[in-house]
Amino acid sequence: MRCLVIGSTGLVGKAVYNAFREEGMETYGTFLKQSEGNFLRADIRDRKSLEDAFAKSRPDVAVLTAALTWVDYCEKNRQEAWEINVEGMRNVADICKKYGSAIVFMSSDYVFDGANGPYRESDATNPVNFYGKTKLEGESIVRTIEKHLIIRTTVVFDYGEPKNFVSRLIEQNSKGIAVRAPNDQYGNPTLASNLAEAILELVLKQKTGIYNVAGQSWLTRYDFSMLLAKKLGLDDSLITGVTTEELGQEAARPKKGGLIVEKAQKEIKTRLLDVNEAIDIFSGRMREGRI
């Protein structure tokens, strides 16, 4: 099986690329720089570059992890967010159809409004911010491909990537910077490598449709932050729990978000980790300085 990971330098993309390679698959990745080896230059907004990447890799399955995920930035820069998350998705979908490739699309619990979470795959969607709307539209586009797999996940973190919640918390804490964490926004902390292992198994089993793939534990960002402080030896006096309204974020957030992962856990052998297990693995990687 040949795989193309579109956006292989990001947190999830890197984990997926590594998992597929370790399985022995012929795996290619895309990024925005010049092609080198199994890494091919491609921008999902540039159809020609995508065509070239598909022509070189001839993937049986394409995993789309490339996206604009900065929620507040998406709210303020809607055209750019739409071009990347929706029109970029449309480009990938069209080329997958041309090559007969299956597709895996990374979505989010932000397709829900957060009124009654955590959510099952079958629950009604109702995004409250523009990022969530782009992800929901992406899901609609990907369903036009016969062999499609939609992965909804949330609060992804891992060692070695500075753009996730945990890495930013550690960096700020080490500098003595106070952090305000929402005590009313719920989610499932998800270790990227565990997410990638589950995606790999779903692909190997040729599963299609929507799957929630996330950590087993459901807790607030504040509680997650305090648990990280305890287990990683951070200064918890620098962490304050506040309401979403007090944070004044640009984009609205689904408060009781998060995901129920029973469907995936029944159909795959990969065990989705609870938050303590995930932090322990993260801590070990941090000590060793490796991903």
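A short tour of the structure in this document, coming up. (Residues numbered from 1 in each chain as written. Predicted model: local features only at pLDDT ≥ 70, side-chain atom pairs only at ≥ 80, totals over all residues. Heavy atoms only, no water.)

1. A closer look at the packing of helix α8 (residues 221-232) against helix α11 (residues 275-288)
In the contact formed by α8 and α11, the axes pass within 10 Å of each other and the chain directions differ by 45°. Here α11 runs oblique to α8, going by the angle between their axes. As for how α8 packs across α11, the hand of that crossing is right-handed. For the pair formed by α8 and α11, the contact residues are F224, L227, L228, K231 and L232 on the first element and V275, N276, I279, D280, F282, S283 and M286 on the second. A breakdown of the residues in the contact of α8 with α11 according to their chemical character gives 8 nonpolar, 2 polar and 2 charged. (Axes fitted to C-alpha atoms, helices over the stretch in contact; angles between N-to-C directions. Helix = DSSP H or I, 4+ residues; strand = E, 2+ residues; numbered from the N terminus. Parallel < 35°, antiparallel > 145°, perpendicular 65-115°, else oblique. Left-handed = near helix turned anticlockwise from the far one by under 90°. Contact = heavy atoms within 4.5 Å. Nonpolar A, V, L, I, M, F, W, Y, C, P; charged D, E, K, R; others polar.)

2. What about the side chain of E75?
Examined against the element boundaries, E75 turns out to sit in helix α3 (residues 71-76). Side-chain polar atoms of E75 contact the side chain of R78, separated by 2.8 Å. Only 2.9 Å separates the side chain of E75 from the backbone nitrogen of F130, close enough to count as a polar contact. Apart from residues lying up to four places away in sequence, E75 is in contact with N129, F130, E250 and A251. (Polar contact = N/O pair within 3.5 Å; in protein donor to acceptor, adjacent residues only side chain to side chain.)

3. Quick look at the nonpolar core
V16, F20, V104, I151, L195, I199 and V213 are the most contacted members of the largest nonpolar core, which totals 37 residues. For this core, the secondary structure elements donating two or more residues are β1 (2-6), α1 (11-22), β4 (61-64), β5 (102-108), β6 (148-153) and α7 (192-204). For this core, the element with the most residues is α7, which contributes 8 residues. Not counting the four nearest positions on each side in its chain, I151 is found in contact with V104, F105, M106, S107, S108, L195, I199, L202, Y211 and V213. Grouped together as the second largest cluster of nonpolar side chains are 33 residues, L40, I44, L50 and I141 included. (Core = buried A, V, L, I, M, F, W, Y, C linked by side-chain atoms within 4.5 Å. Buried < 20%, exposed > 50% of the residue type's maximum accessible area, 1.4 Å probe, protein only.)

4. Some thoughts on helix α5 (residues 130-142)
Taking 1.5 Å per residue, 13 residues should reach 18 Å; α5 reaches 18 Å between its end C-alpha atoms and fits that length. Along α5, the positions that sit buried rather than exposed are F130, Y131, G132, T134, K135, G138, E139, I141 and V142. Its side-chain oxygen placed 3.4 Å from the backbone nitrogen of Y131, N129 serves as the N-cap of α5. (Expected span 1.5 Å × (residues − 1).)

5. Re the sheet that holds β4
Taking strand neighbours across the sheet as the criterion, the 7 strands line up as β3-β2-β1-β4-β5-β6-β11 in an open arrangement whose pairing is parallel. For this open sheet the edge positions go to β3 (39-41) and β11 (209-212), each flanked by a neighbour on one side alone. Direction aside, the axes of adjacent strands within the sheet are offset by 20° on average. Bridge analysis of β6 against β11 gives 4 bridges, and the strand direction is parallel. When the sheet's bridge partners are listed, I151 is paired in β11 with Y211. Strands β1, β4 and β5 of the sheet are contacted by helix α4 (residues 78-99), whose axis makes an angle of about 160° with β5. (Pairing = 2+ DSSP bridges.)

6. Focus: unusual backbone geometry
With omega at 5°, the peptide bond leading from G117 into P118 counts as cis. The backbone phi angle of V155 is positive, close to 45°, even though this residue is not glycine. As for its position among the elements, V155 is in the loop between β6 and β7 (156-157). Using a relative accessible area of 14% as the deciding quantity, one classes V155 as buried.

7. Some thoughts on the packing of aromatic side chains
By the definition in use, this model includes 12 aromatic pairs. The interplanar angle of 20° and the centroid separation of 5.2 Å between the aromatic rings of W70 and Y73 together place this pair among those described as stacked. Judged by its relative accessible area of 56%, W70 is exposed. Residue Y73 is classed as partly exposed on the basis of its relative accessible area, which comes to 23%. Ring centres of Y159 and F282 lie 6.2 Å apart, and the angle between their planes is 75°; on these two criteria the pair is classed as edge-to-face. Here Y159, found in the loop between β7 and α6 (165-174), pairs with F282, found in helix α11; they are 123 residues apart in sequence, far enough to count as distant. On the accessibility criterion, Y159 (25% relative accessible area) is partly exposed. Among the aromatic residues, ring-to-ring pairing joins F157, Y159, F165, F224 and F282 into one connected group. Here K263 stacks its cationic end above the ring of Y211, 4.2 Å away from the centre of that ring. (Phe/Tyr/Trp six-rings, centres within 6.5 Å; stacked < 30°, edge-to-face > 60°. Lys NZ or Arg CZ within 6 Å of the ring centre and 35° of its normal.)

That's the geometry; what it means functionally is another story.
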